[in-house]
Amino acid sequence: MASLKVNANLFIVRLTILSILMLFQVYLITAQTSLKEIALENGHYNVGFRHYTTSDSTRTYSRIYDYTKAKVERPISVSMWYPSRQNVEGLEPLQVVDYFEILKEEEEWEHLPNEQLLNWFYYTNTPENQKHLEEKTTAYASAEFGKGKFPVIIYAPSFQASSIENFALCEYLASHGFVVMSGPSKGTETRWFGNNNAKEMETQARDVEFLMKEAGKFPMVDYDRMAIMGFSFGGLSNIIVQNRNDHVKAVVSLDGTERYQYGLLNRSPFFDAGKIDVPYIHMAQKDIPEIVLKEDKIDAELNSKFQLYDSISNSKSYRLKFHNLTHSYFSTLGVLFANRDPRQDKSDSEIMESYKWVVVYALNFVEATLNQDKKASEFIENGPLANGMAKSLVTQTIKQPKIRKFNFQDFNDLALAKNYENLHQLYDSILKSHPSFKMQEGDLNMLGLQLVFNPNRSYQGIHVFKLAITLFPNSFNLYDSLAEGYLYLGEKEKAIESFEKSLELNSQNQNAISRLEQLKK
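Quick caveat: nothing in here was measured; it's all calculated off a predicted structure.

The secondary structure content of the protein chain amounts to 21 helices and 10 strands. A principal-axis box enclosing the C-alpha atoms of the protein chain has dimensions of 100 × 50 × 50 Å. Counting over 521 residues, the protein chain shows a buried share of 55%. In the protein chain, 75% of the contacts between residues at least 6 apart in sequence involve partners at least 24 apart. Charge-centre separation for the protein chain: the mean point of 56 positive side chains lies 3 Å from the mean point of 64 negative side chains.

According to the stated counting rule, one finds 26 aromatic pairs in the structure shown. Ring centres of Tyr122 and Tyr123 lie 5.9 Å apart, and the angle between their planes is 90°; this geometry places the pair in the edge-to-face category. The pair Tyr122 / Tyr123 is uniform in exposure class, with both members buried. Consider the rings of Phe159 and Phe233, whose centres lie 5.6 Å apart with planes at 75°: the pair is edge-to-face. Placement of the pair is Phe159 in the loop between β4 (150-156) and α6 (167-175) and Phe233 in helix α8 (residues 233-243), with a sequence separation of 74 residues. Each member of the aromatic cluster is reached from another via a ring pair, and the members are Phe100, Phe121, Tyr122, Tyr123 and Phe337. The ring of Tyr61 carries Lys186 above its face, with NZ or CZ at 4.7 Å from the centroid. Positioned above the aromatic ring of Tyr309 is the side chain of Arg319, whose terminal nitrogen or guanidinium carbon lies 5.9 Å from the ring centre.

Relative to the helices and strands, Asp222 is located in strand β6 (residues 221-231). We classify Asp222 as buried; its relative accessible area is 17%. For the pair formed by Asp222 and His282, sequence separation is 60 residues and the distance between their alpha carbons is 24 Å. Every residue in contact with Asp222, bar those within four places of it in the chain, is listed here: Lys149, Phe150, Pro151 and Val152.

Glancing now at helix α17 (residues 441-452). Over its 12 residues, α17 runs 16 Å from end to end, which matches the ideal 16 Å to within 8%, given 1.5 Å per residue. Against the buried residues of α17 lie α15 (408-417), α18 (458-471) and α19 (476-488).

Taken in spatial order, the 10 strands make up an open sheet running β3-β1-β2-β5-β4-β6-β7-β8-β9-β10, and their pairing is mixed. The open sheet terminates on both sides in strands that have one partner only, identified here as β3 (139-141) and β10 (394-399). Here the strands of the sheet are splayed against their neighbours by 25° on average, with no regard to which way each runs. Taken strand by strand, helix α3 (residues 96-106) contacts β1 (46-61), β2 (72-84) and β3, and its axis lies near 5° from that of β1. This element, helix α14 (residues 374-381), spans β9 (317-322) and β10 of the sheet and lies at about 105° to β10.

Reading the values: rules and limits
- Residues numbered from 1 in each chain as written.
- Predicted model: local features only at pLDDT ≥ 70, side-chain atom pairs only at ≥ 80, totals over all residues.
- Heavy atoms only, no water.
- Helix = DSSP H or I, 4+ residues; strand = E, 2+ residues; numbered from the N terminus.
- Buried < 20%, exposed > 50% of the residue type's maximum accessible area, 1.4 Å probe, protein only.
- Contact = heavy atoms within 4.5 Å.
- Lys, Arg positive; Asp, Glu negative; His and termini not counted.
- Charge placed at Lys NZ, Arg CZ, Asp CG, Glu CD.
- Phe/Tyr/Trp six-rings, centres within 6.5 Å; stacked < 30°, edge-to-face > 60°.
- Lys NZ or Arg CZ within 6 Å of the ring centre and 35° of its normal.
- Expected span 1.5 Å × (residues − 1).
- Pairing = 2+ DSSP bridges.
- Axes fitted to C-alpha atoms, helices over the stretch in contact; angles between N-to-C directions.

Spelled out as structure tokens, the structure:
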């Protein structure tokens, strides 16, 4: 049986991916925590939970332990926590073992007897961990969906981890009015990652994007209020997701590997730090002690270097360092089940307190960014002391975005939102806020032509040309283009008038000469 148990080194890679984290080369201490002791105070919603499996027909996959060459559509296991108003009196909440049933399924060991769970997967089979499996959670299976619209958070797990790795955090967010959806982190071809982490990063990014679309199928999800959240390796894939998806309005990183593996991010053709233009928060582990750096051969620079954070310029960014947490303890399973490393881990009570603050910061960040909640915004802007934290718990820095010049794309976005009406008034209001803004004649001409030859937007193009000739009254080319627009619309007299004005400004304009000859026959 021991030969079937998941390899301990694989577990270490799964939880850490980086050599910066514990290699467990020393005597370990069993965790003594409990869900009750973490003491999270849920919101006013009861928490519903549903789990189902769907598939992505655009990709193929093989179940590794079936030992066949058969390919199937890529299965996507979905765990979903959501707000519910259902009266749960008399109902039994989920136990931790129910979440481990999902872990079994995602590991493709769905028929494994439950008594073997802690012999098979990752965590030591101790009396303490057996008790954790029996603990009750705050979620209720298949409770009714709450009425109304709720913001959604897509959660990306750590390296090869289960969708339920942070179930206490997900329950907490759902109790405060958020829908949370998560899928497992698994390889491109099979359950396990291959040797190309850039490829696996892209695969997890695509899985997150699949869940984003899946969220849109539920009527209680407000698709315009969406954040992504990830732990460890999930932080890497989430940066790629944000870079190419405008629906993402905020990014929460739980000691995300983007801090440590900037070079891996750069291997993605989709990555551009300049495209990070939504609020971003990274909550990091404590400084790694000298003894661990030395014994585990970890680069000491990783305690301070954060190239991605330094590269972000177009969004407000927050960086927190939790001085009582090592990497594993940014997940519920880590807090409850992971063995402690006496070289660097704090006491269970200190770990639980800090994990609670991680969860509270995550909630306030999404409340502030997705719901524009004033109190939550103040919480995020406050220093830790003002929020009731001991000075020794966390260090916080906030980075303001660089002031970006207002450009023509910004103007066009605003004009489009107004259907290109009252453009003179819009332009005047823009100049009050951005007095240095100047438009180029060529940009206006190209935009006007694009619109005017679109049958559904022709008159919007005319509006653009009218603004353009006000700003550039001596441009024969703009009058020529305006005339072409009128001609396209069949307004012959207005076309003649504009071609004549163009000729008045430039008697050598051959297009106007030819057009007028045709029109006056």
